[in-house]
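# Architecture and fold: a report
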Amino acid sequence: MLPRQATPLTLACALAVGFLLASSSSAEPAAGEGGDGGGEPIGKGGADPAAGEYEFISEGEAMMAVLKALRPHSWPAPPAEDDDEDAEVEDDEVFVAKNDVVVTVTEGSADPNRERGIVGMHCEWSGVTCGADNKVVRLELNVKDVEGTIPRDIASLRELERLYLFANQLTGTIPRELGLLANLTHLSLGDNKLEGTLPPELSRLQNLEYLYIFSNRLEGSVPPEYGSMPKLKHLGLWTNHLSGTIPAELGGLPSLEYLWLNTNRLSGTIPPSLASLTRLRYLYLSGNPSLSGPLPPGLGALSSLEGLYVQFTNVTGGVPCEVAGIETLRNLEAHNASIDGCTDLPCLRAACGLA
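Residues numbered from 1 in each chain as written. Predicted model: local features only at pLDDT ≥ 70, side-chain atom pairs only at ≥ 80, totals over all residues. Heavy atoms only, no water.

## Quick look at the confidence of the model for the protein chain
The pLDDT averaged across the protein chain works out to 78; a share of 70% of its residues lies at or above 70. Across residues 1-51, confidence stays below pLDDT 50; counting only partners more than four residues off in sequence or on other chains, it has 120 contacts. This stretch, residues 75-110, has a pLDDT under 50; its non-local contacts, to residues over four places away or in other chains, come to 51 contacts. (pLDDT = per-residue confidence, 0-100. Contact = heavy atoms within 4.5 Å.)

## As for the packing of aromatic side chains
Here a ring pair, both rings aromatic, is described through the centre-centre distance and the interplanar angle of the planes. Applying the stated criterion to the full structure yields 11 aromatic pairs. Ring geometry for Tyr284 against Tyr309: centres 4.5 Å apart, planes inclined by 5 degrees, an arrangement best described as stacked. With Tyr284 in strand S15 (residues 282-284) and Tyr309 in strand S17 (residues 307-309), the pair connects residues that are 25 residues apart, well separated along the chain. On the basis of relative accessibility, which here comes to 14%, the residue Tyr309 falls in the buried class. An aromatic cluster of three or more residues is present, and its members are Phe166, Tyr212, Phe214, Trp238, Tyr258, Trp260, Tyr282, Tyr284 and Tyr309. The ring of Phe56 has Arg158 lying over it, and the distance from NZ or CZ to the ring centre is 3.7 Å. (Phe/Tyr/Trp six-rings, centres within 6.5 Å; stacked < 30°, edge-to-face > 60°. Helix = DSSP H or I, 4+ residues; strand = E, 2+ residues; numbered from the N terminus. Buried < 20%, exposed > 50% of the residue type's maximum accessible area, 1.4 Å probe, protein only. Lys NZ or Arg CZ within 6 Å of the ring centre and 35° of its normal.)

## So, the sheet that holds strand S7 (residues 162-164)
Across the sheet, which stays open at both edges, the 10 strands sit in the order S4-S5-S7-S9-S10-S11-S13-S15-S17-S19 with mixed pairing between neighbours. The sheet is open, and its two edges are formed by strand S4 (128-130) and strand S19 (331-333), each paired on a single side. On average, adjacent strands in this sheet sit at an angle of 10 degrees to one another, irrespective of strand direction. Sheet analysis places S4 next to strand S5 (residues 136-140), joined by three bridges and oriented antiparallel. Bridged to Val128 within S5 is Leu139. (Pairing = 2+ DSSP bridges. Axes fitted to C-alpha atoms, helices over the stretch in contact; angles between N-to-C directions.)

## Re the pairing of strand S16 (residues 290-293)
A regular strand places its side chains on the two faces of the sheet in alternate fashion. Residue alternation in S16 divides its side chains into a buried set, Leu291 and Gly293, and an unburied set, Ser290 and Ser292. The sheet contact formed by strand S14 (residues 265-269) and S16 spans three bridges and is parallel. By the bridge assignment, Gly268 is partnered in S16 with Leu291. Relative to strand S18 (residues 314-315), S16 runs parallel, the two sharing two bridges. Looking at the pairing, Ser292 lines up with Asn314 of S18.

## Some points on the state of the cysteines
The tally for this structure, following the rule as stated, stands at two disulfides. Each sulfur of the disulfide joining Cys123 and Cys130 lies 2.1 Å from the other. Looking down the S-S bond of the Cys123 and Cys130 bridge, the torsion is -90 degrees, so its handedness is left-handed. One disulfide in the model links Cys321 with Cys352; its S-S distance is 2.1 Å. On the sign convention where negative means left-handed, the S-S torsion of about -85 degrees between Cys321 and Cys352 marks this disulfide as left-handed. Here Cys321, found in helix H4 (residues 321-324), pairs with Cys352, found in the segment after helix H5 (345-351); they are 31 residues apart in sequence, far enough to count as distant. On the accessibility criterion, Cys321 (34% relative accessible area) is partly exposed. (Disulfide = S-S within 2.5 Å.)

## As for the environment of Trp260
For Trp260, the position within the fold is in strand S13 (residues 258-260). In the structure, Trp260 is positioned 21 residues away from Thr239 in sequence and 9.2 Å away in space, judged by C-alpha atoms. Non-local contacts of Trp260, meaning those with residues more than four positions away in its chain, are made with Tyr212, His234, Leu235, Gly236, Leu237, Trp238 and Tyr284.

Below, the structure is given as structure tokens:
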């Protein structure tokens, strides 16, 4: 289940402010720009030996990096001034209405004191939730019409538990530094324009329960390291350009309930190790034309399975009676893996003598 949406306008304005502040800085790139996670160490804080190149910065600096890296695709409308609808507003002016206070930031005249003031208010921004000691625990930027790249300095929000960037126009790659967010339980990057590969470093998120990176332009394979996240319940990677085989290591996810690998370019056979996913409720493998071989009979051990989808693949050989006999199974889409011409569950169960 995707998270609830936050109020859109105020944050969009705040993001625009950050963009203008970034534009007025020097020619050197600001901390956190770009999402490739590569390059030299950045930031001003102490380095974590386990973090490799990355050096942590302060939370305020990290939030400013978010504002500088993300920006609204369309400018918010400025508030009317003295009811003068004909008043012209320069393109380089953005107004942020917060608590009935209007702040004007003009490109080319950014004031460092004003920038610090904006950072100091970050717990009041729409889409930002802070916990103890004013530490950010949630960033909810779903459906904000936001473009830009995911800044690696989000990793300095060390208390962050939920990061929602669903349904925007984000580009670039997924920074591997997201794997440093040890408290993260929800990561939603779906429905954007992200490219590159899936960072294996995300497997370090040992508290992660929900991982959605669907409907992007990701290539490469599914990292086998993703099979080492003990609390992961939802793994949603559908509608990308992922290739290679389904890692057998995914069978080592003891909490997994939903696995979406459909509409990719996966090949090879379905690994028998998926039979170890005893809590799995839905398995989506459809739309991978090069996925071949038979359905493993061992999948019949998935006693909680409610939906199995393998249509539009090259899976053949019929639905094993062990699978057809799963008592909880309600939805089966396996049009190219029939038994005696049967593709629906009642017919399959009758053919197996299970009716």
